[in-house]
Structure formats: structure tokens, C-alpha cells
Amino acid sequence: MGDDPKWFLAHVEVEAPSLSKVLHFPYHKMLPDRDGKTEGKLRPVETHEKETYHISVKTADVKGAGTNSKVYIKLFGKKGVTGLKFLENPVQEGDKFERGNTDVFILHNVKNVGAISRVRIGHDNSGSYSGWLLAHVEIASASLKKTLFFPCNMWLADNEGDGKTERELEPVEKHETETYHVYVRTADFKGAGTDCKVYINLIGENGQTGDKETYYVSVKTADVRGAGTNSKVHIQLFGKKGVTGQDLQTWSPWHEPTWRLLEHSLGC
């Protein structure tokens, strides 16, 4: 025994090829203890791995969509939950959360929550322009097999929509889009034509396009003085199979135009 036999043990970690992870044994006691014992029993506890998350936030490209408020995010996964993380220092220069902008943030040394099931994103409602129209969020990290896509397309504002300044978003499959020119020839004999709605489904290595649908949207402006607008009008259709969007042309209060929207079938 040495001149100073006292030892304050913090913890022990055990690693072996047969173990799938490093075992962590906390102690935080003095040896020998008060009873003079020079050994102690340690039990393993779950350790929290750290991760670096890349958070990409897209603000909608409509007038007034940006915000001056402080925006935060919280990640929920199979291994736990992070605390609220304020998105303060984007990778790019300039003001953050401006109309049409995509802001990228890197969160270092954050708890690894495993497979992410949902995120909570909101703001503190501060500043002169607090209302925020969030388009979507994307999250990537070394432990995730792919970039996760969280659509929103809703206001986070106390004076817009349902008045909520916080949303919980779930990831959805993000599909690359393409423009296909489809030419269909009807046979040249009596009775060959049809009055039915015709659809097509393209099947390839990356999946299927699904059937297409044409939506006829009729918008009626109130018949009162000053009811019309010269602004661009945007409409979104929400259905079981997804969300679509379309910019509509301007109109006066004296007619009721109709637009054709060619999009994926939404399963409404």
C-alpha cells in the first residue's frame, strides 16, 4: 500500500470485440470507503452517444413568410429526445429565415436519438415580424442512412391559420420529380374516342408515378367594392397521398375563373 491509498473512482469503461458497444460503469466514490473496503461493485448504465446533425430549413416563397423570431427544434427518436436547440448560426451568411431561403445549421455534440420519428419546431414569437410560413425541414447525420424530409407548408404565427407557433412534423418519403411528355394517339375510326377520364402510370426502376388527376379549381371573389386583389394567389390541396400546390393568376371581383391543376392524385 502506498503513502496515499485513497482513490476517487469516477467510472470504468469496458470494450471487447464480442460486445456491440462500450459498457459504461459509473462509480463516483472514494476507495477505500467509510467501512475501509478497497473494492466496489459497479453496474453498467446506458450511455448517450453524441451526434452531429445537419438541419436544413426552407422558408416558403410567399410575401411575409419570413420571421425575425428565435427558431428552435427538438428531435424525437428511438433512443431518446434532444433538448430544445435554437437555430442561431447558419452556415451561409446573411439574415436567416427570410422569404424563399434555405438555411443550413450544424448542431454539434447533440444526443444521438437514433431513428428519428418526428421533430418539434417553433419560435418564441419575438420580433416585429414573428409570423413564419415554414415549407419543410431536412435532417442528415452520419448515423442516418439517408436525409429525412419533414414537410410543413403551414404558418407558425399567432395571427395566421390556427394561431400555433409550434409544429410537430413527421418524415415522409421524398421523391425526385421529372417532367414527362406523353403522346397518346386515338385510332382513326368511328367510335374510337372516349369521354372517360384517362390516366397513366409509369413504372420504372425507381418506382411508379401513380395515376394523375386534373383538378378544376373555381375561386369566387366576393361581389363588393375592393374585394379583388392584384397579388399572386397560391392554393394547396391536401390528400391522403400527398400535397400539391399551384400559383393562380390574379382576378377582379367581377368574374369567376377556373384553373386546371395537373398533379398526382391525392386520394382526397
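Residues numbered from 1 in each chain as written. Predicted model: local features only at pLDDT ≥ 70, side-chain atom pairs only at ≥ 80, totals over all residues. Heavy atoms only, no water.

The protein carries the name Lipoxygenase-likey domain-containing protein 1 in an unreviewed UniProt entry, which gives Holothuria leucospilota as its organism.

Caption draft 1: Seen up close, the overall build of the protein. The helix and strand tally for the protein stands at 0 helices and 17 strands. A buried classification covers 28% of the 268 residues belonging to the protein. The contacts of the protein with a sequence gap of at least 6 include a subset with a gap of at least 24, amounting to 59%. A total accessible area of about 19,300 Å² is found for the protein, and carbon and sulfur atoms account for 49% of it. (Helix = DSSP H or I, 4+ residues; strand = E, 2+ residues; numbered from the N terminus. Buried < 20%, exposed > 50% of the residue type's maximum accessible area, 1.4 Å probe, protein only. Contact = heavy atoms within 4.5 Å. Areas by Shrake-Rupley, 256 points an atom, 1.4 Å probe, with all protein chains shown as cover.)

Caption draft 2: Quick peek at the sheet that holds strand β7 (residues 102-111). Pairing is antiparallel across the open sheet formed by 4 strands, whose spatial order is β7-β3-β9-β10. The open sheet has two edge strands, β7 and β10 (148-156), and neither has a second partner. Here the strands of the sheet are splayed against their neighbours by 20° on average, with no regard to which way each runs. (Pairing = 2+ DSSP bridges. Axes fitted to C-alpha atoms, helices over the stretch in contact; angles between N-to-C directions.)

Caption draft 3: Main features of the packing of aromatic side chains. If you walk through the whole model with that rule in mind, you get 3 aromatic pairs. Their ring planes at 25° and their centres at 5.6 Å tell us that F97 and F105 sit as a pair that is stacked. Side by side, F97 and F105 carry an identical accessibility label, which is buried. The ring of Y27 has K29 sitting right over it, with the charged end atom 5.7 Å from the ring centre. Positioned above the aromatic ring of F76 is the side chain of R118, whose terminal nitrogen or guanidinium carbon lies 3.9 Å from the ring centre. (Phe/Tyr/Trp six-rings, centres within 6.5 Å; stacked < 30°, edge-to-face > 60°. Lys NZ or Arg CZ within 6 Å of the ring centre and 35° of its normal.)

Caption draft 4: Up close: unusual backbone geometry. The step from L31 to P32 runs through a cis peptide bond, and the omega angle for that step is -5°. Within the fold, P32 resides in the loop between β2 (23-31) and β3 (50-59). In the Ramachandran plot, N153 falls in the positive-phi region, its phi being about 55° despite a non-glycine side chain. Tracing the backbone shows N153 in strand β10. For N153, a relative accessible area of 29% corresponds to the partly exposed category.

Caption draft 5: Representation of the pattern of salt bridges in the model. One pass over the full model with this rule turns up 5 salt bridges. Put simply, R120 and E166 hold a salt bridge, and the shortest N to O gap is 4.0 Å. Of the two residues, R120 is situated in strand β8 (residues 116-123) and E166 in strand β11 (residues 166-169); the sequence distance between them amounts to 46 residues. R120 is the partner of E168 in a salt bridge, and the nearest nitrogen-oxygen pair spans 2.5 Å. Here R120 lies in strand β8 and E168 lies in strand β11, a separation of 48 residues in the sequence. A residue is classified by how much of its surface remains accessible, and E168, at 42% relative accessible area, is partly exposed. Among the charged side chains, a network of salt bridges with common partners joins R118, R120, E166 and E168. (Salt bridge = Lys/Arg side-chain N within 4 Å of Asp/Glu carboxyl O.)

Caption draft 6: Spotlight on the confidence of the model for the protein. Averaged over every residue, the pLDDT of the protein is 79; the share at 70 or more is 72%. Counting contacts from residues 249-268, a segment whose pLDDT is below 50, to residues more than four positions away or on other chains yields 74 contacts. (pLDDT = per-residue confidence, 0-100.)

Caption draft 7: Looking closely at the nonpolar core. Ranked by internal contacts, the top residues of the largest apolar core, which has 25 residues, are I55, I73, I116 and I139. Elements with a contribution of two residues or more to this core: β3, β4 (71-77), β7, β8, β9 (132-141) and β10. Filtering out sequence-adjacent residues up to four positions away, I116 remains in contact with Y53, L75, F76, G77, I139, L144, L148, F150 and P171. (Core = buried A, V, L, I, M, F, W, Y, C linked by side-chain atoms within 4.5 Å.)

Caption draft 8: Inspection of the pairing of β4 at higher detail. In terms of burial, β4 is largely enclosed, as 6 of its 7 residues are buried. As paired elements, β4 and β8 share 7 bridges and run antiparallel to each other. Each residue of the ladder has a partner; that of F76, found in β8, is R118. Taken together, the 2 bridges between β4 and strand β6 (residues 85-86) define a ladder with antiparallel strand orientation. Residue I73 lies in a different strand from β6, and its bridge partner there is K85.

Caption draft 9: Region of interest: a nonpolar patch on the surface. On the surface, Y180, V182, V184 and I200 cluster together into a nonpolar patch covering about 410 Å² of accessible area. Secondary-structure assignment places V182 in the loop between β11 and β12 (203-204). For V182, a relative accessible area of 46% gives the class partly exposed. (Patch = residues over 30% accessible without salt bridge, like charges linked within 9 Å, V, L, I, M, F, W, Y side chains within 5 Å.)

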